[in-house]
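An overview of the molecular structure
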Amino acid sequence: MAAGEAGFAGTPAEGILIGEKRYSGVKLTLDNCLLPRELLSQTPSAAHGLRPDTEAELRREGCELIQAAGILLKLPQVAMATGQILFQRFFYCKSFVKHSMEYIGMACLHLASKIEEEPRRVRDVLNVFHRLRQIKQRRKLSPLPLDVSYIFLKNQVIKAERRVLKELGFCVHVKHPHKIIVMYIQVLELEKNKSLVQTAWNYMNDSLRTDVFVRFDPESIACACVYLAARALQIPLPNQPHWFLLFGVEEEGIREICQRILQLYLPCKTPLSSLER
């Protein structure tokens, strides 16, 4: 909050000087989690020479690992969703070239389990990621040995979790569109159509593998998922006027979200080992 605006109770009117700017308080809102387009257009990874398609695949691979690990850890979907969104936010602050996708993924999942009050031990998180790597590399499954390498790995994940918190400014609140999707379908009087509800829910879970949650508000994402589900199931929705205008959502945003989600289903996919190289 810049000087001149109302500060918090007990905050000196003159504020404090940080660098060349004077501040009189801190304002945390969900808008702080949506990144401006100028920041989205030039990511830290791109500045280090990483191609946009490679970065997109690394984001998708990291989120898929978080989702798969969360299932093995029997975490609720909301915790896995929070972990994936934190992962996406972090890599708009830091580069994939400088930070391990796997370490940050483990750190985000461990942090999300605590945020959503379903805490899991670091050891359990390490074990499931170790198992997933063995499965992807088609190696014989074996437990993670408790040796010097394990201690090093554990320390790296703990440091990565602190780094995530620092880079996000400890702003780890996430507003999920799960309930919003159900509410919108109820307003459209289609809540009895279980296929529509489930398909929209599936699109929402898939959208976590993209960066739409740092680009758009949850209401827009919810509308896009309902839109895609209705199109897939050939269910007509009101269009005079368009139904999503009732919820304050623009058609341009819905189209962009839909395009990003549908790109997930393209057949080409680079192996993890190649991405890491």
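Before reading on, note that the structure itself is shown above.
Now for a quick tour of the structure. Small disclaimer: the values here were computed from a predicted structure and weren't measured. (Residues numbered from 1 in each chain as written. Predicted model: local features only at pLDDT ≥ 70, side-chain atom pairs only at ≥ 80, totals over all residues. Heavy atoms only, no water.)

Here we look at the side chain of His99
Here His99 is to be found in the loop between helix H4 (77-90) and helix H5 (101-115). Beyond its immediate sequence surroundings of up to four residues, His99 is in contact with Phe90, Phe91, Lys94, Ile104 and Arg163. (Helix = DSSP H or I, 4+ residues; strand = E, 2+ residues; numbered from the N terminus. Contact = heavy atoms within 4.5 Å.)

Overview of unusual backbone geometry
Each neighbour pair has its own omega, and for Gln240 with Pro241 the value is -5°, a cis peptide bond. Looking at where Pro241 falls in the secondary structure, it is placed in the loop between helix H10 (218-233) and helix H11 (251-262). Phi is positive for Lys74, which is not a glycine, with a value near 60°. Checked against the element boundaries, Lys74 lands in the loop between helix H3 (52-72) and H4. Backbone geometry at Gln234 places phi at a positive 55°, although glycine is not the residue there. When its relative accessible area of 71% is taken as the criterion, Gln234 is described as exposed. (Buried < 20%, exposed > 50% of the residue type's maximum accessible area, 1.4 Å probe, protein only.)

Details of a nonpolar patch on the surface
A surface patch of nonpolar side chains, about 300 Å² in accessible area, is lined by Met183, Val187 and Leu246. For Met183, a relative accessible area of 43% corresponds to the partly exposed category. (Patch = residues over 30% accessible without salt bridge, like charges linked within 9 Å, V, L, I, M, F, W, Y side chains within 5 Å. Areas by Shrake-Rupley, 256 points an atom, 1.4 Å probe, with all protein chains shown as cover. Salt bridge = Lys/Arg side-chain N within 4 Å of Asp/Glu carboxyl O.)

Observations regarding H3
Spanning 21 residues, H3 covers 30 Å between terminal C-alpha atoms, matching the ideal 30 Å at 1.5 Å per step. Just downstream of H3, Lys74 is the residue with a positive phi angle, here 60°. (Expected span 1.5 Å × (residues − 1).)

Notes on the packing of aromatic side chains
Evaluated as defined, the whole model comprises 8 aromatic pairs. Between Phe90 and Phe91, the ring centres sit 5.1 Å apart and the planes meet at 85°, which makes this aromatic pair edge-to-face. Residues Tyr184 and Phe247 carry aromatic rings whose centres are separated by 3.8 Å and whose planes lie at 15° to one another, so their mutual orientation is stacked. Placement of Tyr184 in helix H8 (residues 178-187) and of Phe247 in the loop between H10 and H11 is noted, with a sequence separation of 63 residues between them. Taking the relative accessible area as the measure of exposure, Tyr184 reaches 4% and is therefore buried. Judged by relative accessible area, Phe247 falls into the buried class, the value being 17%. Each residue in the set Phe87, Phe90, Phe91 and Phe96 is aromatic and connected to the rest through ring pairs, giving one cluster. Lying across the ring of Tyr92, Arg59 places its NZ or CZ 4.0 Å from the centre. (Phe/Tyr/Trp six-rings, centres within 6.5 Å; stacked < 30°, edge-to-face > 60°. Lys NZ or Arg CZ within 6 Å of the ring centre and 35° of its normal.)

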